[in-house]
Amino acid sequence: MLFTTAALVALIPLAASHGLITTPPSRPTGPAIIANCGAKVEQDIRLDNTSHVEGLPELAAKDSAYNAAKCNLWLCKGLQFADNPTANTQTWQAGQVVPIKIWLRIPHEGSANVSIVDTKSNKIVGDMLKVWAKGYAPGKKESDVPLDQTQFNVTVPEGLEDKCATAGDCVLQWWWYGTAAKQTYESCVDFKIAKKGMAEGSTARVFKA
Ligand SMILES: *[C@@H]1O[C@H](CO)[C@@H](O)[C@H](O)[C@H]1NC(C)=O
Ligand SMILES: *[C@@H]1O[C@H](CO)[C@@H](O)[C@H](O)[C@H]1NC(C)=O
Ligand SMILES: *[C@@H]1O[C@H](CO)[C@@H](O)[C@H](O)[C@H]1NC(C)=O
Ligand SMILES: [Cu+2]
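From a predicted model like this one, the values you see are computed outputs, not experimental measurements.

Turning our attention to the overall build of the chain. Scanning the chain for helices and strands turns up five helices and nine strands. In sequence order, the chain lays out its α and β elements as α-β-α-α-α-α-β-β-β-β-β-β-β-β. Among the 209 residues that make up the chain, the fraction classed as buried is 30%. Restricting the contact set of the chain to residue pairs at least 6 apart, pairs at least 24 apart contribute 73%.

Take a look at the structure:
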């Protein structure tokens, strides 16, 4: 097949998309996403782990391994808890301030939020930790994006000690929608909540008071 140079150049921005959480470490690909979502979805994410969700349902539909309920493409892009090394699971306490860093490769202006999601019901738990109703990720290149949109703190809410006691039951999800691009990005951090006074030995705790 022949492509003109212009056509090839036009393809590049599509291939090189767009963002994920780098701190704390976010869910990677692995054998569980292959088993539940199929090899095509896993390959798409592995080749560019900042890519958007919208292309994935089409790839999944062509794959006999795809299990819609277990894969759950609209939560964490289908990335699975079982693929996240245990060492990546964060242990937090209510009131703890958690620094988040986003690698935002290519901006698409739109809205974004950071929230805790109950993975069984795929519902946001409590208030969102961060909301940009508009004006998220403006401009054309990484450096156009305001620093406070890619490096910010969230505070671990009170009252999740039971619901989020076990890693995998809840995730911290960064969610971003580029309005004109019509593309959704999702990236997830696995964590569990430790009851206060029971986290002896945990390190690097940052408390407000
Ligand atoms: C995403 O991809 C980059 C580049 O290949 C890699 O360095 C990084 O570890 C990956 N992160 C995750 C969470 O998959
Ligand atoms: C927040 O994120 C969720 C996904 O977790 C999304 O469905 C929702 O539309 C977003 N809401 C706002 C107000 O940004
Ligand atoms: C996050 O919180 C820590 C500790 O309270 C503070 O030192 C740091 O400057 C904050 N970072 C941002 C980006 O606000
Ligand atoms: Cu794009």
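A few words on the site of ligand 1. Taken together, L20, S26, P28 and N49 form the complete shell of residues around ligand 1. When its residues are assigned to classes, the shell around ligand 1 shows two nonpolar, two polar and no charged.

Relative to the assigned elements, T22 resides in strand β1 (residues 19–23). Between the C-alpha atom of T22 and that of K101, which follows or precedes it by 79 residues, the distance is 5.6 Å. Not counting residues within four places of it along the chain, the set of residues in contact with T22 comprises K101 and W103.

This paragraph deals with helix α3 (residues 39–47). Within α3, the full set of buried residues consists of V41, E42, D44 and I45. All buried residues of α3 project into a common sector of 160° when viewed along the axis, lining one side. Counted as exposed and oriented over 90 degrees from the buried face of α3: Q43 and L47. At its buried positions, α3 is contacted by α2 (31–37) and α4 (56–61).

Let us look at unusual backbone geometry. Backbone torsion omega between T23 and P24 reads -10°, so that peptide bond is classified as cis. Relative to the assigned elements, P24 resides in the loop between β1 and α2. Although it is not a glycine, C76 adopts a positive phi angle of roughly 55°. With respect to the secondary-structure elements, C76 resides in the loop between α5 (68–71) and β2 (90–92). Overall, the presence of 26 C-beta atoms within 10 Å leaves C76 in the buried class.

Time to look at the nonpolar core. Core analysis: the largest hydrophobic core is formed by 35 residues, its most contacted members being L172 and W176. Going through the elements one at a time, β1, α2, α3, α4, β3 (97–104), β4 (110–118), β8 (170–178) and β9 (183–193) are the ones with two or more residues in this core. It is β8 that contributes the most residues to this core, six residues altogether. Every residue in contact with W176, bar those within four places of it in the chain, is listed here: G19, G110, A112, Y136, A137 and Y185.

Per-residue confidence for the chain averages 90 on the pLDDT scale, and 86% of its residues sit at or above 70. Overall, residues 1–15 carries pLDDT values under 50, and its contacts beyond four positions in sequence, including any with other chains, amount to three contacts. Between residues 200–204, whose pLDDT stays under 50, and residues either more than four places distant or in other chains, the model counts two contacts.

Below, the discussion takes up the sheet that holds β1. The strand order across the open sheet built from three strands is β1-β3-β7, with neighbouring strands paired in antiparallel fashion. Edge strands, defined here as strands with exactly one partner in the open sheet, are β1 and β7 (151–155). With strand direction ignored, the average angle separating the axes of adjacent strands in the sheet is 40°. Inspection of the sheet shows β3 paired to β7 by five bridges, in the antiparallel sense. Within the sheet, the bridge partner assigned to V97 lies in β7 and is T155.

Rules of the game
Residues numbered from 1 in each chain as written. Chains lettered and ligands numbered in written order. Predicted model: local features only at pLDDT ≥ 70, side-chain atom pairs only at ≥ 80, totals over all residues. Helix = DSSP H or I, 4+ residues; strand = E, 2+ residues; numbered from the N terminus. Buried ≥ 20, exposed ≤ 12 C-beta atoms within 10 Å, placed from the backbone. Contact = placed C-beta atoms within 7 Å. Near = placed C-beta within 6 Å. Nonpolar A, V, L, I, M, F, W, Y, C, P; charged D, E, K, R; others polar. Arc of directions from axis to C-beta. Core = buried A, V, L, I, M, F, W, Y, C linked by C-beta atoms within 7 Å. pLDDT = per-residue confidence, 0-100. Pairing = 2+ DSSP bridges. Axes fitted to C-alpha atoms, helices over the stretch in contact; angles between N-to-C directions.

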